[in-house]
Amino acid sequence: MIRLTSSKPRATRADAARNREQLLEVATRVLASPDAETSMRAIAREAGVGIATLYRHFPTRESLVEAVYRDQVIRLTSGARDLLADVAPAVAMRRWMDLFGNWIATKNGMLDTLPTLIESGAVGHAQTRDELLNAISTILDAGRTAGDLRPDVTAEEVAACLIGIFTVAHQSGHAVTTDRLLDILLDGLRSCADRGVSRRSA
C-alpha cells in the first residue's frame, strides 16, 4: 500500500519562518527610524501580515523587542567574521562600524522597553558588551596579523570611540556627519604604512 504524504506541514513551517523573518526585518527598520510609528499594529501592517500573525510569533511588545535586539547582536558578532572572509581587516573594520551604527539606531528605538528587559534578565547587558568587544577584537587581531591596523589599540578603546561618535553626531545642529567621523577614526586605527589606502578598496 502506497501512503501519500502531504507537503503542507513543511510549507506551513516555511511560511511561518518567512513571516517571522519579515516581522524582524520590518521591526528593526521601524525601531531604527525616529519618525516611524512603532506600534505592534503598524509593524504588522508594514510587514504585510495580520496582527494575529504578529502576536502568534511575538505575544508581547517586549518579546518582539527582545528578538530584534538578539538578532542585531548576532548580526554584529557574525558580521565581523563574514566581513573578514571577504575584505581586508581595515575595510572590514570600517564596514563593521556601519553595522554598529545600525545597532545603535535600533537600540535607541527600544528605549521604552529595553530597561524592562535588562531588569528582568531577558537581555544581558554585560554579555552583550562582551560579545561586541569580542567582535571588535576579532577584526583588530586580523588587522595586526595583516599589518593594516595598529597593534596598540584595544577593543574597549574602539568601542568607546564609536559610542562617542554616534552620541555626538546625532545631536541636533551638529555640523559633521557620522561617516566623516568614522573615516577619521579608521585613519587613526590604520598602521602607518597603510594610511594612504582607501577604506573602500580591497
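Scroll up to find the structure.
Residues numbered from 1 in each chain as written. Predicted model: local features only at pLDDT ≥ 70, side-chain atom pairs only at ≥ 80, totals over all residues. Heavy atoms only, no water.

1. Side note on the overall build of the protein chain
A tally of helices and strands in the protein chain yields nine helices and zero strands. Secondary structure of the protein chain in N-to-C order comes out as α-α-α-α-α-α-α-α-α. Across the 202 residues in the protein chain, those meeting the buried criterion constitute 39%. The contacts in the protein chain between residues at least 6 apart in sequence include a share of 64% that link residues at least 24 apart. (Helix = DSSP H or I, 4+ residues; strand = E, 2+ residues; numbered from the N terminus. Buried < 20%, exposed > 50% of the residue type's maximum accessible area, 1.4 Å probe, protein only. Contact = heavy atoms within 4.5 Å.)

2. Quick word on the side chain of Thr113
Inspection of the secondary structure assignment puts Thr113 in the loop between helix 5 (89-108) and helix 6 (114-120). The class of Thr113 is buried, set by a relative accessible area of 4%. Side chain to side chain, Thr113 and Arg61 meet in a polar contact 3.4 Å long. Dropping the residues within four chain positions of it, Thr113 is found in contact with Arg61, Glu62 and Val65. (Polar contact = N/O pair within 3.5 Å; in protein donor to acceptor, adjacent residues only side chain to side chain.)

3. Some words on the environment of Glu131
On the secondary structure map, Glu131 appears in helix 7 (residues 125-146). A residue is classified by how much of its surface remains accessible, and Glu131, at 28% relative accessible area, is partly exposed. Counting along the chain gives 58 residues from Glu131 to Val73, while the straight-line C-alpha distance between them is 7.8 Å. The contact partners of Glu131, leaving out residues within four places of it in the chain, are Val73 and Thr77.

4. Section: the side chain of Thr106
Locating Thr106 in the fold gives a position in helix 5. Not counting chain neighbours up to four residues away, the residues in contact with Thr106 comprise Thr28, Leu31, Ala32, Val68 and Gln72.

5. Notes on the pattern of salt bridges
On inspection of all chains with the given rule, the structure shows 11 salt bridges. Ionic pairing is found between Asp15 and Arg18, a salt bridge with its closest N-O pair at 2.1 Å. Here Arg18 and Asp15 lie together in helix 1 (residues 8-32), a separation of three residues that amounts to about one turn. Relative accessible area serves as the criterion here: at 37%, Asp15 is assigned to the partly exposed category. Taking the shortest distance from any N to any O, the salt bridge between Asp98 and Arg94 comes out at 2.8 Å. Of this pair, Asp98 and Arg94 both sit in helix 5, four residues apart, which is roughly one turn of the helix. (Salt bridge = Lys/Arg side-chain N within 4 Å of Asp/Glu carboxyl O.)

6. Some thoughts on the environment of Leu185
Mapped onto the secondary structure, Leu185 falls in helix 9 (residues 178-189). According to the relative accessible area criterion, Leu185 is buried, its value standing at 12%. In this structure Leu185 touches Met97, Cys161, Leu162 and Ile165, once residues within four positions along its chain are discounted.

7. Points about the nonpolar core
One recurring pattern in soluble globular proteins is that nonpolar side chains are buried together. One finds Met93, Trp96, Phe100 and Leu162 to be the most contacted residues of the largest nonpolar core, which totals 57 residues. Mapped onto this core, the elements with two or more residues apiece are helix 1, helix 2 (40-47), helix 4 (61-86), helix 5, helix 6, helix 7, helix 8 (155-169) and helix 9. When residues no more than four places from it in sequence are discounted, the contact partners of Leu162 are Trp96, Met97, Phe100, Leu182 and Leu185. (Core = buried A, V, L, I, M, F, W, Y, C linked by side-chain atoms within 4.5 Å.)

8. What to know about the packing of aromatic side chains
Inspection of the entire model under this criterion finds four aromatic pairs. Pairing Phe100 with Trp103 gives two aromatic rings, centres 5.6 Å apart and planes at 50°, and the pair type is tilted. Of this pair, Phe100 and Trp103 both sit in helix 5, three residues apart, which is roughly one turn of that helix. Using a relative accessible area of 4% as the deciding quantity, one classes Phe100 as buried. Through successive ring pairs, a cluster of aromatic residues spans Tyr69, Trp96, Phe100, Trp103 and Phe166. (Phe/Tyr/Trp six-rings, centres within 6.5 Å; stacked < 30°, edge-to-face > 60°.)

9. Considering helix 2
Within the sequence span of helix 2, burial applies to Met40, Ala42, Ile43, Ala44 and Ala47. At the exit of helix 2 stands Gly48, carrying a positive phi of roughly 80°.

10. What to know about the packing of helix 5 against helix 8
Geometry of a packed helix pair, given as the angle between the helix axes and the separation of the axes. It is at 11 Å that the axes of helix 5 and helix 8 come closest, and there the two elements cross at 55°. Taken together, helix 5 and helix 8 sit at an angle that is classed as oblique. The crossing of helix 5 and helix 8 is right-handed. Together, Met93, Trp96, Met97, Phe100, Gly101 and Ile104 of helix 5 and Val158, Leu162, Ile163 and Phe166 of helix 8 make up the contact between the two elements. Here the contact of helix 5 with helix 8 is built from residues that sort into nine nonpolar, one polar and no charged. (Axes fitted to C-alpha atoms, helices over the stretch in contact; angles between N-to-C directions. Parallel < 35°, antiparallel > 145°, perpendicular 65-115°, else oblique. Left-handed = near helix turned anticlockwise from the far one by under 90°. Nonpolar A, V, L, I, M, F, W, Y, C, P; charged D, E, K, R; others polar.)

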